[in-house]
Amino acid sequence: MGKGRRKTMHLSKMYSLRRSGFEDDHSQIGGPGFSRVVYCNEMSGSEGITQNYADNYVRLTKYTPFTFLPKSLFEQFRRVANFYFLVTGILAFTALAPYSAVSAVIPLIIVVGATMSTSYNSEISNLFQDHEVNNRKVKVHRGGGVFESSQWKKLRVGDVVKVEKDEFFPADLLLISSSYDDAICYVETMNLDGETNLKLKQSLDVTSLINEDSKFNSFKATVRCEDPNASLYTFVGTMQFQEQRHALSPQQLLLRDSKLRNTDYIYGVVIFTGHDTKVIQNSTDPPSKRSKIEKRTDSIIYFLFFVLFLMAFVGSVYFGITTRDDLDGDRMKRWYLGPDRSEIFFDPKRAPMAAIYHFLTAVMLYSYLIPISLYVSIEVVKVLQTLFINNDVDMYYEEADKPAHARTSNLTEELGQIDTILSDKTGTLTCNSMEFIKCSVAGTAYGRHVTEVERAMAKRTGSPLLMNGDGNDDNSHLSVKGYNFEDERITNRRWVHEPHSDVIQKFFRLLAICHTAIPDVDEDTRNVTYEAESPDEAAFVIAARELGFEFYKRTQTSVSFMDARKRMSVIVRDEEGKLLLLCKGADSVMFERLSKEGRQFEENTREHVNEYAQAGLRTLILAYRELSDEEYKEFNEKFTEAKNSVSAERDDMMSEVTDEIEKDLILLGATAVEDKLQKGVRFSRMKQIVITLESPEIVAAEKAGDKSVIAKISAGKAQLDASRSEAHALIIDGKSLVYALNDDTKNAFLELAVGCASVICCRSSPKQKALVTRLVKEGTGKTTLAIGDGANDVGMLQEADIGIGISGVEGMQAVMSSDIAIAQFRFLERLLLVHGHWSYRRISSMGYAAFSGQPAYNDWYLSLYNVFFTSFPFPLLYQEGVQNTLFGWRRIFSWMLNGLCSGVIIFFLCTRALDPESYDKNGKTAGMEIVGATMYTCVVWVVNCQMALAVSYFTLIQHVFIWGGIVLWYLFLLAYGSLSVSISTSAYKVFVETLAPAPTYWLVTLFVVIAALIPYFCFKAIKMRFFPGYHGMVQWIRHEGHTEDPDYCNMVRQRSIRATTVGFTARSIARDNNLYNLERQ
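These figures come from a predicted structure and were not determined experimentally.

Peer 1: Can you help me understand the overall build of the protein in this one?
Peer 2: What the protein contains, in helices and strands, is 32 helices and 33 strands. Burial analysis of the protein (1081 residues in total) assigns 53% to the buried set. Counting only contacts in the protein whose residues sit at least 6 apart along the sequence, the fraction spanning at least 24 positions is 75%. Of the accessible surface of the protein, which amounts to about 49,000 Å², a share of 55% is contributed by carbon and sulfur atoms.

Peer 1: I would appreciate a short explanation of the UniProt feature "active site" (unreviewed entry) in the protein in the present structure.
Peer 2: UniProt's entry tags Asp 424 with the feature "active site" (unreviewed entry), counted in the numbering of this structure. The residue Asp 424 is located in the loop between strand E18 (418-423) and strand E19 (430-441) in this model. For Asp 424, a relative accessible area of 8% gives the class buried. Among the polar contacts made by the side chain of Asp 424, one reaches the side chain of Lys 769 at a distance of 3.3 Å.

Peer 1: Could you clarify how one ought to interpret the packing of aromatic side chains in this entry?
Peer 2: In this description, a pair of aromatic rings is defined by centroid distance and the angle of the planes. Within this structure, the stated rule accounts for 22 aromatic pairs. Seen from their ring centres, Phe 507 and Phe 508 are 5.1 Å apart, and the 85° between their planes marks the pair as edge-to-face. Comparing Phe 507 with Phe 508, the two get one shared label, buried. Each ring, one from Tyr 1001 and one from Trp 1002, has its centre 4.9 Å from the other, and the planes form 75°; the classification is edge-to-face. Residue classification places Tyr 1001 among the buried residues on the basis of a relative accessible area of 0%.

Peer 1: Can you walk me through the sheet that holds strand E32 (residues 802-806) in this structure?
Peer 2: The 5 strands lie next to each other as E17-E33-E32-E31-E18, forming an open sheet whose pairing is mixed. Pairing within the sheet leaves two strands with one partner each, and these edge strands are strand E17 (405-406) and E18. Note that strand E31 (residues 783-788) and E32 share 4 bridges and pair parallel. Residue pairing for E32: Ile 787 is matched across the bridge by Ile 804.

Peer 1: Even after reading the chapter, I still don't get the sheet that holds strand E11 (residues 244-248), so can you show me in this structure?
Peer 2: Picture the strands of a sheet paired through backbone hydrogen bonds; they go either parallel or antiparallel. Here we have 4 strands laid out as an open sheet, ordered E2-E9-E10-E11, and antiparallel in their pairing. What marks the edges here is a single partner per strand, and that holds for strand E2 (36-40) and E11. Direction aside, neighbouring strands of the sheet carry axes that sit 20° apart on average. In the sheet, strand E9 (residues 221-225) pairs with strand E10 (residues 237-241) via 4 bridges, with the strands oriented antiparallel. Paired with Val 223 across the strands is Met 239, a residue of E10.

Peer 1: Just to check I follow, could you spell out the pattern of salt bridges for this structure?
Peer 2: Scanning all chains against the criterion turns up 35 salt bridges. The partner of Asp 424 in a salt bridge is Lys 769, and the shortest N-O contact between them spans 3.3 Å. With Asp 424 in the loop between E18 and E19 and Lys 769 in helix H19 (residues 766-780), this pair connects stretches of sequence that are 345 residues apart. Taking the shortest distance from any N to any O, the salt bridge between Arg 509 and Glu 575 comes out at 4.0 Å. Linking Arg 509 in helix H10 (residues 501-513) with Glu 575 in the loop between strand E24 (567-573) and strand E25 (579-585), this pair joins segments that are 66 residues apart in sequence.

Peer 1: Looking at this model, I keep getting lost on the nonpolar core. Mind explaining?
Peer 2: Judged by nonpolar contacts, the single largest core of 66 residues is most densely connected at Phe 436 and Phe 508. Sequence-distant contacts of Phe 508, that is, excluding residues within four places in its chain, are made with Phe 436, Cys 439, Ile 490, Ala 544, Leu 547 and Phe 549. Val 160, Leu 232, Leu 253 and Leu 255 belong to the second-largest nonpolar core, a separate cluster that totals 30 residues.

Peer 1: How do you make sense of the packing of helix H6 (residues 292-324) against helix H24 (residues 889-914) when you look at a structure like this?
Peer 2: Between two packed helices, both the angle of their axes relative to each other and the distance between the axes serve to describe the pair. In the contact formed by H6 and H24, the axes pass within 12 Å of each other and the chain directions differ by 50°. As the angle between them shows, H6 and H24 are arranged oblique. As H6 packs across H24, the resulting crossing turns out to be right-handed. Residues Arg 296, Ser 299, Ile 300, Phe 303 and Leu 304 of H6 lie in contact with H24, whose contacting residues are Trp 889, Ile 892, Phe 893 and Met 896.

Peer 1: What am I meant to see in the side chain of Thr 189 here?
Peer 2: Here Thr 189 lies in the loop between strand E7 (184-188) and helix H4 (190-193). Taking relative accessible area as the criterion, Thr 189 reaches 9% and is therefore assigned buried. Within the structure, the side chain of Thr 189 is placed 3.1 Å from the side chain of Lys 199, a separation counted as a polar contact.

Peer 1: Would you explain the side chain of Ser 177 in this entry?
Peer 2: Mapped onto the secondary structure, Ser 177 falls in strand E6 (residues 172-178). Within polar-contact distance, the side chain of Ser 177 engages the backbone oxygen of Ile 210 at 2.5 Å. When neighbours within four sequence positions are excluded, Ser 177 is seen to be in contact with Ala 183, Ser 203, Thr 207, Ser 208, Ile 210, Asn 211, Phe 216, Ile 266 and Tyr 267.

Peer 1: How do you make sense of the confidence of the model for the protein when you look at a structure like this?
Peer 2: In low-pLDDT regions, the fine details of the predicted coordinates are not to be read closely. In the predicted model, the protein carries a mean pLDDT of 76, and 74% of its residues have values of at least 70. Within the model, the stretch residues 1-25 combines pLDDT values under 50 with 110 contacts to residues more than four positions away or in other chains. Per-residue pLDDT stays below 50 along residues 557-563; that stretch engages in 37 contacts with residues further than four places along the chain or on separate chains.

Peer 1: What is the right way to look at a negative patch on the surface in this model?
Peer 2: Together, Asp 520, Asp 522, Glu 523 and Asp 524 line one region of the surface with negative charge. Inspection of the secondary structure puts Asp 520 in strand E21 (residues 518-521). For Asp 520, a relative accessible area of 40% gives the class partly exposed.

Peer 1: Sorry if this is basic, but what is going on with the environment of Lys 349 here?
Peer 2: Mapped onto the elements of the fold, Lys 349 is located in the loop between strand E16 (331-332) and helix H7 (351-365). A C-alpha to C-alpha distance of 6.7 Å links Lys 349 and Arg 324, two positions 25 residues apart in sequence.

Peer 1: Got a minute to help me understand helix H29 (residues 999-1026) in this structure?
Peer 2: Because each turn of an α-helix spans 3.6 residues, side chains separated by three or four positions end up pointing in the same direction. Under the 1.5 Å per step criterion, the end-to-end length of H29 is 41 Å for 28 residues, consistent within 8% with the ideal 40 Å. The largest bend along H29 reaches roughly 30° and is located at Ile 1014, with the proline Pro 1015 sitting one to four residues downstream. Listed in full, the buried residues belonging to H29 are Tyr 1001, Val 1004, Thr 1005, Val 1008, Val 1009, Ala 1012, Leu 1013 and Tyr 1016.

Peer 1: Sorry if this is basic, but what is going on with unusual backbone geometry here?
Peer 2: Positive phi outside glycine occurs at Asn 41, with the angle close to 65°. Within the secondary structure layout, Asn 41 lies in the loop between E2 and helix H1 (68-77). Of the residues examined, Asn 41 reaches a relative accessible area of 3% and is grouped as buried. Positive phi outside glycine occurs at Ala 183, with the angle close to 60°. Tracing the chain through its elements places Ala 183 in the loop between E6 and E7. On the accessibility criterion, Ala 183 (0% relative accessible area) is buried.

Peer 1: Looking at this structure, I do not really get the packing of H24 against H29. What am I missing?
Peer 2: Between H24 and H29, whose axes approach to 9 Å, the crossing angle comes to 150°. Relative to H29, H24 is oriented roughly antiparallel. For the crossing formed where H24 meets H29, the hand is right-handed. Contacts between H24 and H29 pair Asn 898, Ser 902, Ile 905, Ile 906, Leu 909, Cys 910, Ala 913 and Leu 914 from the former with Thr 1000, Val 1004, Val 1008, Ala 1011, Ala 1012, Pro 1015 and Tyr 1016 from the latter.

Reading guide: rules and limits
- Residues numbered from 1 in each chain as written.
- Predicted model: local features only at pLDDT ≥ 70, side-chain atom pairs only at ≥ 80, totals over all residues.
- Heavy atoms only, no water.
- Helix = DSSP H or I, 4+ residues; strand = E, 2+ residues; numbered from the N terminus.
- Buried < 20%, exposed > 50% of the residue type's maximum accessible area, 1.4 Å probe, protein only.
- Contact = heavy atoms within 4.5 Å.
- Areas by Shrake-Rupley, 256 points an atom, 1.4 Å probe, with all protein chains shown as cover.
- UniProt positions renumbered as here; feature names shortened; annotations may be inferred.
- Polar contact = N/O pair within 3.5 Å; in protein donor to acceptor, adjacent residues only side chain to side chain.
- Phe/Tyr/Trp six-rings, centres within 6.5 Å; stacked < 30°, edge-to-face > 60°.
- Pairing = 2+ DSSP bridges.
- Axes fitted to C-alpha atoms, helices over the stretch in contact; angles between N-to-C directions.
- Salt bridge = Lys/Arg side-chain N within 4 Å of Asp/Glu carboxyl O.
- Core = buried A, V, L, I, M, F, W, Y, C linked by side-chain atoms within 4.5 Å.
- Parallel < 35°, antiparallel > 145°, perpendicular 65-115°, else oblique.
- Left-handed = near helix turned anticlockwise from the far one by under 90°.
- pLDDT = per-residue confidence, 0-100.
- Patch = residues over 30% accessible without salt bridge, like charges linked within 9 Å, V, L, I, M, F, W, Y side chains within 5 Å.
- Lys, Arg positive; Asp, Glu negative; His and termini not counted.
- Charge placed at Lys NZ, Arg CZ, Asp CG, Glu CD.
- Expected span 1.5 Å × (residues − 1).
- Bend = angle between axes of the 7 residues up to and from the residue.

Here is the structure:
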């Protein structure tokens, strides 16, 4: 039985006529795409279960406990270097290996294991979130009118569930009834479309009385509807109930992850479950993201593979030829190889096979040319970069106690290469807060507040308007949220003294009545708060209340219509018994519906609306008319007939009925509300290119929307070509995007979009956001960044090269799906320009750890070179640019050349200095173990000293990593040499007994290191003095004291501007402004 006192909402003949937005064609039911059949309230074993619909278990993580190991191993071994070392590690267990198998496998295990551990830590929180969602509880009908708690994951299609206030809907439900007599409920769709405003839903009249637990004992119905799809705003279906067929619309569909608000409870039938639900259909599988630098690293590895195989091939051919000629009768040229008793490797009679085996051996021997340490180095530095981001106090939002959080270390360097930013609006760019700020009533403008846009324009033009207000964006001084109206002519009931006080009264009375807001009265204080479908409506009803027109109780039913009317109306009867139609809407549709007698204030109102629009305000026109009883009776009959129709023309019929009554209106005035921008979000004025299928003149062409959109794209390109020197903003709505993203249209749309400084996609679904992101990413080939704060942004964040989640008021779905989380949009600037820039420069400098491999050492020397001794290079701050110039092939080949030169110098100087001279006072000559250890010492010193030369300034971390790598080498020599000779082999006590006591070792190390550093130091000095990059020029500015010279600074700034800089406005400002704040950088 239903418990608690039911809310009462009396059904009256007052109608709210407003815009909805769905396209149904009930004649398609049963055809392709409309084949779903749901048997409602069927128990176990019924035919509804046998239809093999998806269960309600949802997994949004990249891994499961069963797939983590195979998937993560695949992630690791798709890196070509890891795969190569896996192959050589396997071959190391054969007789072909020139080193021990353990020394070949251990480094690979360390690298792969460390990276897999990082992936596991980042994924474990997502696994817990999935577990929590799937195990939430909801009441399910189990027969006999009894509802029992059950886990979400156990729901099946056809189940009847009872959802209570402030609970999420566990699946896509068909609304049967609610705690209101009129079977309405209020739904918060924040997790779907990012909007915190409430949506009104209403069940069919025939099921509205099934509103108690016991009444579901005998409830049976059959629903035939569309198949699972990603369209959030459409639903086509019919319900067979009590031998009658009833049309279903989106008005009866409650979507998964929406929340029930301001309603005690609802009953619903499960229509779509699990991955068939619309919100999951809008999601995309979590991608495996790899940065461009990591992909370029793979290209480097491929090149090195080519070099390695070429060396092995040439050497093996030469070896085969030489081996064939080893025996000349009884004479052996290379007697020490024993060719006369060799079986395969050195057998002159089987020279081709010997060459093949030599090739395999050489491939393994030269494997240290492949820098596995490059991956290790990058992983270490990336982890440190995430720590920098996480601990940046300048990105800490004190108000919400939220720091920045890098959820993955894989993509930090991508932040320094961003070409295009794709951003959500509500809650990301804005505070999701509307304020009633101005209005025009009876041709008179009211409201003295200066908007953010007016203030920004005043700053640019030097207007004294800026003096009106302190320019602070902080609205903490506001006593009432949503109300920021200041005008002594209206406030404190002074409006009664205005010339048109009767019009002002009707104006604010309309604001107080014409809406879908729900009043919530506090029983203790009797204060009234409102829950509205949009922030605009909340601002209107709050403004009316503050000015003396309080909306206290709702006694009407809201009825939604499908059309592109851009207006809403209510029909009420006033205290004098008059029937009034109150209407508000966009100026594009309202002015044309005015009567001749109702246009008294039109000219002034139009002028005020244009001024408000230029000030960045959202405007609506308010008007009304009186109705006769006969008019209302005729309208009500037609409206009821159209609403109950099941034909494909149902919505057109309803539109025609409302169009007939919304005419001959009398103008009252216009409202203006301000959508507050977040702190740090700036405004720019641009010419507009609009692509929309919402405007009334093309409603008839909507069925051929692709042609209309193509025509508008062509017109936009023509407008863009005609004024290339000016910035343009492209505005396109969700319906137009459907056609713009078609295969035959999307390239033209992309061409138009990239030619504009900004692109605004209005009312786009989560899937459309993801598709637009994919189009930009794949179509331009540039690095993209997506930023959002709601569940509807998840697909976009996952599709972009890097996704930024705003940890705002719209839940944690975006954050959990993002790569990096920040608390405010304004922190994005620092994240890109500081952390992104330096992360890119650091990672681009890892080449110094990669190309200094040397030949012929103890196998553990080689293995640990690639893991420890050169795994910790820190930022090299001298390279120029963030346009991927730091990791281009020219720079990569220069690193290779540097490594080659250093290697040649070290090899020849060490061998010439140590062979064949006596090494110590006993006259002992240097063997391979001594020469190899000495050369290896020189390698470690040279690599780390080159990094030290490249660093512009030292911190404790740099000292630890650079000099620590050298110290670690000597500690390893001591520890490894102390092991038994069976383990340490040629390194057994080589440092303690041979190297350390010999002055020759230290002298050779000193002079060889200096000799190897001289070419690098000379190159760096010449480049800095005569060919400085951008950062080098900034350093010269500081050094020579030119920081106050605007011409010189501007010349330096010009070198940082690239054609790919995002936005026309950004480039213009960069050209016009001088370099500033150099001393602070």
